[in-house]
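Results of the structural survey
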Amino acid sequence: MGDPKDLVTALADLKEEEALKIVEEKLAAEEDPFKIMDDIRRGMEIVGNRFANNEYFISDLLYAGEILRAVTEKIKPKLVTTKETKHLGKVIIGSVAGDIHDIGKNIVVFMLEANGFEVHDLGVDIPPEKFVEKIKETGATIVGLSGFLTLAFDSMKKTVEAIEKAGLRGKVKIMIGGGQITEEIRKYTGADAYGRDAMDAVALAKNWAGFA
Amino acid sequence: MEEKQEELFNRWLSPQVEFVDEKAEEAYKARVTRIKDAIQLKKTPDKVPVFPLIGFFPAYYTGLTPYDMMYDYEKLKMAFKKYVLEFKPDAHAGAIGPGPGKFFEILDYKLYAWPGHGVAPQHSYQCIEGEYMKADEYDALIQDPTYFFLTVFLPRIFGALEPFKKISPLTNALEMYGGFTPVTFIPFGLPDVQSALKALMEAGNEVLKWIGNVVAWEREITAAGFPNLFGGGTKAPFDTIGDTLRGTKGIMLDMYRRPEKLHQAMEIFTPLMIKMGASAAKANGNPIVFIPLHKGADGFISNKQFEEFYWPTLKKVVMGLVNEGCLPFLYAEGSYNSRLELIKNDLPKGKTLWGFDQTDMAKAKKIIGDVASICGNVPSSLLNVGTPQEVKDYVKKLIEVCGEGGGFMVMNGAVIDEAKPENVKAMIEATNEYGVYK
């Protein structure tokens, strides 16, 4: 468990009150907020690794997300100088047309951000042309399509086709994910890869961004 | 409980309808007996039963939409009838799934998006996740769940019932004294509460019209020889709170932040969930109670959380139903590989049916196969984009792995909507071809 005063450990072990208390103490002691943010990132990285190792589950990720929100809210007012943060890459993500489920997608967004990606989350029920627009606007090289229902199979296929038609297929890597997604569905949709969970998504994104 | 269950099975075996002919009656009884034998584990059935768990498939199959199924009850009956008569499954799940669109419209339902209201007419209805019960409302729910539903939950999920927030506790109506009983009814004189009551009456009329059609459909299909698998339905208390009250995120955080309250609320719901399933089963004369399982699946929570939060009250629901002569059909969505060892010693032999989606079926058969019957696992990816031959091979393999000695039924893993009809047919044909016990 380590030093109880250690923010990284408190976050990694999902000790909400302890983490908040340490952050308050650090802020009161005028510690560099960017250094605190760095500790937070490291704590969340451990959370992600534990999830990948089946030590943590969706319940833990949702709680970690909540703790993360609470601690960053405390720090935000202190982050006055806008330091240019280096991102590993840009990812566009959304639940495809017809599907309004977002819990799985939100967890993927959370883990991608915690791992240093700039994520553009389009939301739910996103028509193919919105993905195309956003690729053009941001120059993102990674696209994540999420879908919980079987109707998402066709929506994903149409989204990949729309990206192709817009002449952008060569510029982006596309991953898909959701409860009923398999290798057969990946082939059917024309996506590059599929992931079983949020850490699969992080591994794919890191690989495509050249950080594997 | 043995007698109670036999009595319910006998009622299911002898429905109060006039069969179209002797052949239909024979086929009906053979189907029910086949399912009964597969579930009870007392003897091997004549054949592995096959039950496609369908959603809006009949709409797509007949060139109609989910919207049509929810708004035009004639189309609903036609599509679902065509599906059953042409596919000839051993059992169906009624025509009750789509529900009455107009009812939801009248009450301005906010908990789901449905065809024409938030999703396209050609798509299925979908839950809108939210905290329809707030974190600080556990005490109110625990103290008086019905009053909480009437004055907090219903006004949130039905726009038209918002004025019900003003209704007094009806438990105040104690004696003639003016300050007790009469004042309890003041809210019913208020214009907005009265409009809400009018909406409720209109909604009731619509539900009655709809259920009349659903029941008429069912009598006709029963008369043609096809039993409805479901006598009733209920939920695991953890899902009752997690699905539509606190929401997925809400209940997950509650396990960490207010575990005691969550435990208390689940205990409050446990007898209510038993009553919900058992009363429907008795009314319909069919012991099988469908329980879709959601948030206890692999990956959602840890085994420790499953054992602490999910299973104890679900186990009570299962045992409560079994004591009433019912037969719980636990449909574990997602996968349940890590849970099989945790549940196996708690299952009364031959009294439950387990439906699986992505669970390893060989493992399921090995771990719980001697105490419970199992079904499911034909993947929706295969049914949607595979070929009939691939489906047949998959079903053949499943029967080889799980069918030995009975205790098995062929079913798909996740609800079928837009699957290829030839693939659904292949699933049924393959069962009839490879599933005969010699």
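Small disclaimer: the values here were computed from a predicted structure and weren't measured.

1. Some words on the interface of chain B and chain A
Across the boundary between the two partners, chain B contributes 30 residues, which contact 21 residues of chain A. Among the elements of the structure, helix H12 (247-257) and helix H17 (380-385) of chain B are those that each provide at least two residues to the side of chain B that touches chain A. With six residues, H12 of chain B is the largest single contributor of residues to the side of chain B that touches chain A. A per-class count over the side of chain B that touches chain A returns 14 nonpolar, twelve polar and four charged.

2. Topic: the domain arrangement of chain B
Residues and elements named next belong to chain B. Per the domain assignment, the segments of chain B are domain 1 (2-51 + 229-434) and domain 2 (100-224). The C-alpha-based centres of domain 1 and domain 2 are spaced at 29 Å. Counting residues at the interface gives 20 residues for domain 1, matched by 16 residues for domain 2. Counting only elements with at least two residues in the side of domain 1 that touches domain 2, the list comes to helix H2 (22-40), H12 and helix H13 (259-284).

3. So, the domain arrangement of chain A
A common way to report how large an interface is uses the accessible area buried once the components associate. Residues and elements named next belong to chain A. Domain assignment breaks chain A into domain 1 (7-78) and domain 2 (90-208). Computed from C-alpha coordinates alone, the two centres of domain 1 and domain 2 are separated by 27 Å. The interface is formed by nine residues belonging to domain 1 together with eight residues belonging to domain 2. Counting residues per element, the side of domain 1 that touches domain 2 draws most heavily on helix H3 (residues 33-52), at six residues. Along the lines of polarity and charge, the residues of the side of domain 1 that touches domain 2 split into five nonpolar, two polar and two charged.

4. Quick look at helix H8 (residues 145-157) of chain B
All names here are of chain B. Between its first and last C-alpha atoms H8 spans 16 Å; for 13 residues at 1.5 Å apiece the expected length is 18 Å, and the helix comes up short by more than 12%. Along H8, the sharpest kink reaches roughly 30 degrees, centred on Thr 151 and followed within four residues by the proline Pro 155. Contacts from the buried residues of H8 go to helix H7 (138-143).

5. Some remarks on the sheet that holds strand S3 (residues 142-146) of chain A
All names here are of chain A. One open sheet holds the five strands; their spatial order is S2-S1-S3-S4-S5, and the pairing between them is parallel. Every interior strand has two partners, whereas the edge strands, strand S2 (118-121) and strand S5 (193-195), have only one. On average, each strand axis in the sheet is inclined to that of its neighbour by 25 degrees, with strand direction left out of account. The pairing of S3 with strand S4 (residues 173-177) spans five bridges and is classified as parallel. Bridging across to S4, Ile 142 finds its partner in Lys 173. This element, helix H5 (residues 103-114), spans strand S1 (90-95), S2, S3 and S4 of the sheet and lies at about 170 degrees to S1. In the packing of helix H6 (residues 128-138) onto the sheet, the strands contacted are S1, S2 and S3, and the crossing angle to S1 comes to about 165 degrees.

6. Remarks on the environment of Trp 210 of chain B
All names here are of chain B. For Trp 210, the location among the structural elements is in helix H10 (residues 191-223). Among the residues examined, Trp 210 registers 21 C-beta atoms within 10 Å and is labelled buried. As for Trp 210 and Asp 72, which are separated by 138 residues in sequence, their C-alpha atoms are 9.3 Å apart. In contact with Trp 210, not counting residues within four places along its chain, are Tyr 73, Pro 100 and Phe 103.

7. Re the environment of His 294 of chain B
Residues and elements named next belong to chain B. Counting through the fold element by element, His 294 comes out in the loop between strand S5 (288-293) and helix H14 (303-323). In this structure the C-alpha to C-alpha distance between His 294 and Asp 243, which are 51 residues apart in sequence, comes to 8.1 Å. The contacts of His 294, once residues within four sequence positions are left out, are Asp 239, Asp 243 and Glu 333.

8. Topic: unusual backbone geometry
All names here are of chain B. In this structure, Leu 41 takes a positive phi of about 60 degrees despite not being glycine. Here Leu 41 shows up in the loop between H2 and helix H3 (57-61). Phi is positive for Asp 108, which is not a glycine, with a value near 55 degrees. Relative to the helices and strands, Asp 108 resides in the loop between helix H6 (101-106) and strand S1 (112-115). Asp 108 sits in the partly exposed class, given 14 other C-beta atoms within 10 Å.

9. Focus on the pairing of strand S7 (residues 353-356) of chain B
All names here are of chain B. The alternating pattern of S7 places Leu 353 and Gly 355 and Trp 354 and Phe 356 on opposite faces, both of which are buried. Here strand S6 (residues 327-332) runs beside S7; their pairing, made up of four bridges, is parallel. Of the residues in S7, the one forming a bridge with Phe 329 is Leu 353. Two elements, S7 and strand S8 (residues 373-376), share four bridges in a ladder whose sense is parallel. Bridge pairing links Phe 356 to Gly 376 in S8. In terms of handedness, the path from S7 via helix H16 (residues 361-368) over to S8 forms a crossover that is right-handed.

The rules behind these values
- Here the residue index of a chain counts from 1 through its sequence in written order.
- For this description, chains carry letters from A and ligands carry numbers from 1, given in the order in which they are written.
- At least 70 in pLDDT is required for a residue's local features to be given in this predicted model, at least 80 for side-chain atom pairs to be given and counted, and no such filter applies to totals for whole chains, interfaces and linings, which use all residues.
- We call two residues in contact whenever the C-beta atoms placed from their backbones are within 7 Å.
- Only runs of H or I of at least four residues qualify as helices and only runs of E of at least two qualify as strands under DSSP, and these elements are numbered from the N terminus.
- Only Asp, Glu, Lys and Arg are considered charged, only Ala, Val, Leu, Ile, Met, Phe, Trp, Tyr, Cys and Pro nonpolar, and every remaining residue, Gly among them, polar.
- The split of the chain into domains comes from an automatic or database domain assignment.
- The span one expects for a helix is its residue count, reduced by one, times 1.5 Å.
- The term bend refers to the angle at a residue between two fitted axes, each drawn through seven residues, those ending there and those starting there.
- Two strands form a pair only when DSSP identifies at least two bridges running between them.
- Only C-alpha atoms enter the line fits that serve as axes; for helices the fit covers just the stretch in contact. Angles between N-to-C directions range over 0 to 180 degrees.
- Neighbour density around each residue's C-beta defines its exposure: 20 or more other C-beta atoms within 10 Å make it buried, 12 or fewer make it exposed, and counts between make it partly exposed, where C-beta atoms are placed from the backbone.
- Throughout, right-handed denotes a crossover for which the path from the first strand over the helix to the second runs clockwise when the strands point away from the viewer.

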